Amino acid sequence: MNNFDFIIIGGSFAGMTTALSLTNVSSDLKIAIVERLDILNSDRKRDGRAYAISAASLALFQEIGIYETVKQEAGKITDIKITDYKSPFFLDFLGYEVDPKNGQLGQIIENYHIHNALRDRILECKNITVFSPNSYEDITFGEVVKVRLDNEKVISGKLLLACDGRFSKLRELYQIHTTQKKYYQTAIVFNISHQKPHENIAHEKFLPGGPLAILPLKDPYQSSVVWISSDKTASVIMSLDEKNFVHQLTKKMENVLGEICVTSEKFSYPLILVEAEKFYHEKMLLIGDASAGVHPIAGQGFNLAISGIKILCQLVKDNLVSGLDISSKALIDSYNKKAKYEAKKMLVATDILNSLFETKSFSIGLARDLGLGLVNKLPRLKKFFIKSAGGF
């Protein structure tokens, strides 16, 4: 039987980031990753999806040794322009106001670059063992956690980390009550090329049919787009031929980048808020989307996962320094309390934001627009919002 300190179920973004972050705490920690897909022998390919990575998350990328690799493929966000349909008011978040050194609010990095950089760094770490392609067949909790894999191999660990996504099978298996809210909205994500340079500006346009985010990629003439609409409208949009799709998108974009062309496959997925009632079961912790999944309106999904990973790593570090067990009840309780608090703040903020901009109420719409103008004219309040979003 192979003995580990941590067994991570799920070797995608949250799983690999957790393994590398724990390695950064101590390279003496033995970590196992169990992943059903073969992540070791093939690169992930470009698929049109990208993450908005906050300043705080970029700092963690630096700590775990992937920043120098991914920054070569990153689009810098120096300005975020937030506009409301036909409103004269707008909100302008400028990077230099909070980060004079780098002048940025974060970076847009295509998912496949992050995935491949994480995987390559994992392969360099002798304390991390990857079981892939493998899945778990049985899990038993006791003094240690024992996991029987689909190849009949049994591995044990002090703590099990569930990094198996928003619709976590482990969360379901152990009947952790979960609140779900269907928004009856669909996000359509893809990349575009455009006539005008993006000048490292991210646009968030709140429109009657749903918000549209245009995010700058490394190439000044390419951007990543997140187009959110009702489920019914989204199915119609996805069925359009290329000419009509581009025509509708051009109208939504209000010509901010000139003529456009779709350059990637289009992906769509339903938007559902997910919040676990507790972030643990015995000696298992829920990490990332397995614990809480937010509306993408503020682009904070992966950043929220990273904030939880940082909480876990600090607790593990404190226990190691104090000579305490890294699977102690005190550590599990502290993780549950602190990670739930951070998740709740983001869940509430994104849910309210979506409701505010989705409403058809004239009075709320007027108050919303006045609020945009007010925040833009109050430097201290504006700086607070920027710091909250960027993790400064």
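Residues numbered from 1 in each chain as written. Predicted model: local features only at pLDDT ≥ 70, side-chain atom pairs only at ≥ 80, totals over all residues. Heavy atoms only, no water.

Caption draft 1: Geometry of the overall build of the chain. Per the secondary structure count, the chain includes 11 helices and 20 strands. Considering only intrachain contacts with a sequence separation of at least 6, the fraction spanning at least 24 residues in the chain is 76%. Carbon and sulfur atoms form 53% of the exposed surface of the chain, whose accessible area is close to 18400 Å². (Helix = DSSP H or I, 4+ residues; strand = E, 2+ residues; numbered from the N terminus. Contact = heavy atoms within 4.5 Å. Areas by Shrake-Rupley, 256 points an atom, 1.4 Å probe, with all protein chains shown as cover.)

Caption draft 2: Structural context of the side chain of Q222. Following the sequence through the fold, Q222 ends up in strand β15 (residues 222-230). Of the polar contacts made by the side chain of Q222, one reaches the side chain of R46; its length is 3.0 Å. With sequence-adjacent residues up to four places away left out, Q222 is seen in contact with R46, I192, S193, H194, H198, P216 and L217. (Polar contact = N/O pair within 3.5 Å; in protein donor to acceptor, adjacent residues only side chain to side chain.)

Caption draft 3: Representation of the confidence of the model for the chain within the structure. Counting all residues, the mean pLDDT for the chain is 87, and 83% of those residues have values of 70 or more. Taken together, the stretch residues 359-375 has pLDDT below 50 and engages in 21 contacts with residues farther than four places along the chain or on a different chain. (pLDDT = per-residue confidence, 0-100.)

Caption draft 4: Structural context of unusual backbone geometry. The omega angle of the peptide bond from S132 to P133 is -5°, so this bond is cis rather than trans. Position of P133 among the secondary structure elements: in the loop between β8 (128-131) and β9 (136-141). Here the phi dihedral of E152 falls at roughly 75°; this positive angle occurs in a residue that is not glycine. Checked against the element boundaries, E152 lands in the loop between β10 (145-149) and β11 (154-162). Look at E152 and you get exposed, because its relative accessible area is 54%. (Buried < 20%, exposed > 50% of the residue type's maximum accessible area, 1.4 Å probe, protein only.)

Caption draft 5: The sheet that holds strand β4 (residues 75-77), seen in detail. Pairing within the open sheet is antiparallel, and its three strands lie in the order β3-β7-β4. Edge strands, defined here as strands with exactly one partner in the open sheet, are β3 (50-54) and β4. For this sheet the average axis-to-axis angle between neighbouring strands, irrespective of direction, equals 25°. Pairing geometry for β3 and strand β7 (residues 106-110), over five bridges, is antiparallel. What sits directly across from I53, in β7, is Q107. (Pairing = 2+ DSSP bridges. Axes fitted to C-alpha atoms, helices over the stretch in contact; angles between N-to-C directions.)

Caption draft 6: Region of the structure containing helix α2 (residues 55-64). Those residues of α2 not exposed but buried are A56, S57, L58, L60, F61 and I64. Once α2 finishes, G65 follows within two positions and takes phi at roughly 90°, a positive value.

Caption draft 7: The arrangement of the pairing of β11 in detail. Among the nine residues of β11, seven are classified as buried, and the element is accordingly described as predominantly covered. Direction of pairing for strand β1 (residues 2-9) relative to β11: parallel, over a ladder of seven bridges. Directly across from I8, in β11, lies its bridge partner L161. Sheet topology note: the β10/β11 ladder contains four bridges and is antiparallel. What sits directly across from V147, in β11, is I155. Relative to strand β19 (residues 284-286), β11 runs parallel, the two sharing three bridges. Each residue of the ladder has a partner; that of A162, found in β19, is L286.

Caption draft 8: Inspection of the packing of helix α1 (residues 13-25) against α2 at higher detail. Where α1 contacts α2, the two axes come as close as 9 Å, and the packing angle between them is 65°. By crossing handedness, the relation of α1 to α2 is classed as left-handed. In this structure, α1 uses T17, L20, S21 and N24 to contact α2, whose residues at the interface are L60, E63 and I64. A per-class count over the contact of α1 with α2 returns three nonpolar, three polar and one charged. (Left-handed = near helix turned anticlockwise from the far one by under 90°. Nonpolar A, V, L, I, M, F, W, Y, C, P; charged D, E, K, R; others polar.)

Caption draft 9: Examining the packing of aromatic side chains more closely. Following the criterion strictly, the structure yields eight aromatic pairs and no others. Taking the centre distance of 6.0 Å and the plane angle of 65° together, the rings of F13 and F302 count as edge-to-face. With a gap of 289 residues between them, F13 in helix α1 and F302 in helix α8 (residues 301-322) connect regions that are remote in the sequence. F13 sits in the buried class, given a relative accessible area of 7%. Feature note: the residues F13, Y51, F61 and F302 constitute an aromatic cluster, connected by ring pairs. The ring of F267 is capped by R49, whose NZ or CZ atom sits 4.3 Å from the centre of that ring. For the cation-ring pair, K278 lies above Y280, with the distance from its terminal atom to the ring centre recorded as 4.9 Å. (Phe/Tyr/Trp six-rings, centres within 6.5 Å; stacked < 30°, edge-to-face > 60°. Lys NZ or Arg CZ within 6 Å of the ring centre and 35° of its normal.)

Caption draft 10: Region of the structure containing the pattern of salt bridges. One pass over the structure, following the stated rule, counts 16 salt bridges. The partner of D5 in a salt bridge is K158, and the shortest N-O contact between them spans 3.2 Å. With D5 in strand β1 and K158 in strand β11, the pair connects residues that are 153 residues apart, well separated along the chain. According to the relative accessible area criterion, D5 is buried, its value standing at 11%. The partner of E275 in a salt bridge is K344, with the nearest N and O atoms 3.1 Å apart. (Salt bridge = Lys/Arg side-chain N within 4 Å of Asp/Glu carboxyl O.)

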